[in-house]
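# Inside the fold
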Amino acid sequence: MYSVSDKYIAQVKAATRDWAIRLALSLDSGEVYNLTEQDVESGTFTYQESSTCGDTIQVGSTYANSLDFSLINKDGRFNKVNLQDATIVARVGLLLPDGTWEYISLGKFNIYEPGKKLSTISIRSLDNMYKLNTLFANVSITYPVDVATLMTAICTHCGVPITTELTTELRALDITLNKIDPGDMTCRDIVGYIGCLVGKNLRFNRLGILESFWYSTSIDFITNASTRNTSDFNDFAVNITGVELQDSSGTTYWMGNDSLVASLDSTPLIQNSNIA
């Protein structure tokens, strides 16, 4: 959860709200365009955030948040601008009852698919997870290597930052790995496997820095009559009692009992029973 004021929390629940958009569009040339909602085609601004890459609970997920919109170009000012791999720092603002605006960051995004330069330009962008979609084979690694050093090498190669907290977590694992056959795996694949070792998912936070996270053990949520009448509820308590995983050779390891077992995909980083 991101820190906002009590006024923001109250106003965001109001029946009508006024929003503002602030986009800092940075080109490879160093030029920066400071854009607002006046530069975005109405109804096209979409931000998508998730905790996993699917509709199931995952461990080691590396979901990439996305930001898509149509950039107004009726005057042709972007016709000669190279938008490929440009970066966007995005914020949204909410008008508070006292007339002030409160802004929150959505994150840092990389344009991977700029549309044709017509009267509007379709912009599709992903957060820094996009930068990890490069071959792991090209990363310079000296084996044996501990997982903290491995992660640092990947982040340095891909040009992305990592939080101090995640680095500390990885060092605390005290896991050393022998040579990994890279095959056609990407850096993002390896980062996900490292997330499995930590027992968490990984994401880039709204400052564009790689971090680990997991789900809260409690939730404070108040429903109203409308929500209760249109939602499905189940009082079945999900209690995972065991965990099962496989190493790269197909050997299965598990712990707990078999009442409700969570099965994890095989990972090349599980190289022996001690790591498992």
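Scope of this entry: the structure provided in the associated data block.

Rules of the game
Residues numbered from 1 in each chain as written. Predicted model: local features only at pLDDT ≥ 70, side-chain atom pairs only at ≥ 80, totals over all residues. Heavy atoms only, no water. Disulfide = S-S within 2.5 Å. 1 Å grid on protein atoms, 1.4 Å probe; cavity = no way out; pocket = protein on both sides within 12 Å on 5 of 7 lines; lining within 4 Å. Points joined across faces, edges and corners; volume = space filled by probe spheres on them. Helix = DSSP H or I, 4+ residues; strand = E, 2+ residues; numbered from the N terminus. Nonpolar A, V, L, I, M, F, W, Y, C, P; charged D, E, K, R; others polar. Buried < 20%, exposed > 50% of the residue type's maximum accessible area, 1.4 Å probe, protein only. Pairing = 2+ DSSP bridges. Axes fitted to C-alpha atoms, helices over the stretch in contact; angles between N-to-C directions. Patch = residues over 30% accessible without salt bridge, like charges linked within 9 Å, V, L, I, M, F, W, Y side chains within 5 Å. Areas by Shrake-Rupley, 256 points an atom, 1.4 Å probe, with all protein chains shown as cover. Salt bridge = Lys/Arg side-chain N within 4 Å of Asp/Glu carboxyl O.

## Description of the state of the cysteines
Tallied over the entire structure, the rule returns 0 disulfides. No disulfide involves Cys-155; its nearest neighbouring cysteine sulfur is the one of Cys-158, lying 7.2 Å away.

## Description of empty space enclosed by the protein
Empty space among the atoms can be located by rolling a probe the size of a water molecule over them. Per the stated rule, a full pass over the model turns up 1 cavity of 30 Å³ or more. Its boundaries defined by the atoms lining it, the largest cavity holds a volume of some 40 Å³. Forming the boundary of the largest cavity are Asn-65, Leu-106, Gly-107, Lys-108, Phe-109, Asp-127, Phe-204, Asn-205, Arg-206 and Gly-208. Ranked by residue count, the leading element in the lining of the largest cavity is strand β6 (residues 101-114), at 4 residues. Split by residue class, the lining of the largest cavity holds 3 nonpolar, 4 polar and 3 charged.

## So, the environment of Gly-250
Examined against the element boundaries, Gly-250 turns out to sit in the loop between β12 (242-246) and β13 (252-256). With a relative accessible area of 39%, Gly-250 lands in the partly exposed category. In the structure, Gly-250 is positioned 16 residues away from Ser-266 in sequence and 7.5 Å away in space, judged by C-alpha atoms.

## Comments concerning the sheet that holds strand β7 (residues 120-127)
The strand order across the open sheet built from 7 strands is β2-β1-β5-β6-β7-β4-β3, with neighbouring strands paired in antiparallel fashion. Strands at the two margins of the open sheet, each flanked by one partner only, are β2 (32-36) and β3 (46-48). Sheet twist, expressed as the average angle between the axes of neighbouring strands with direction ignored, equals 30 degrees. Relative to β6, strand β5 (residues 87-95) runs antiparallel, the two sharing 9 bridges. Counted as the bridge partner of Ala-90 is Gly-107 from β6.

## Some points on a nonpolar patch on the surface
Taken together, the side chains of Ile-240, Val-243 and Leu-260 define a hydrophobic patch exposed on the protein surface, amounting to about 230 Å² of accessible area. Residue placement: Ile-240 occurs in the loop between α5 (225-230) and β12.

## Details of the pattern of salt bridges
Applying the stated rule across the entire model yields 7 salt bridges. Two residues, Arg-22 and Glu-37, come together in a salt bridge whose shortest N-O distance is 3.2 Å. Taken as a pair, Arg-22 in strand β1 (residues 19-26) and Glu-37 in the loop between β2 and β3 lie far apart in primary sequence, 15 residues in all. When its relative accessible area of 27% is taken as the criterion, Arg-22 is described as partly exposed. Where Arg-77 meets Asp-39, a salt bridge forms, and the shortest distance between an N and an O atom there is 2.5 Å. Here Arg-77 is found in the loop between β4 (66-72) and β5, whereas its partner Asp-39 is found in the loop between β2 and β3, with 38 residues between them in sequence. A relative accessible area of 34% means that Arg-77 is categorised as partly exposed.

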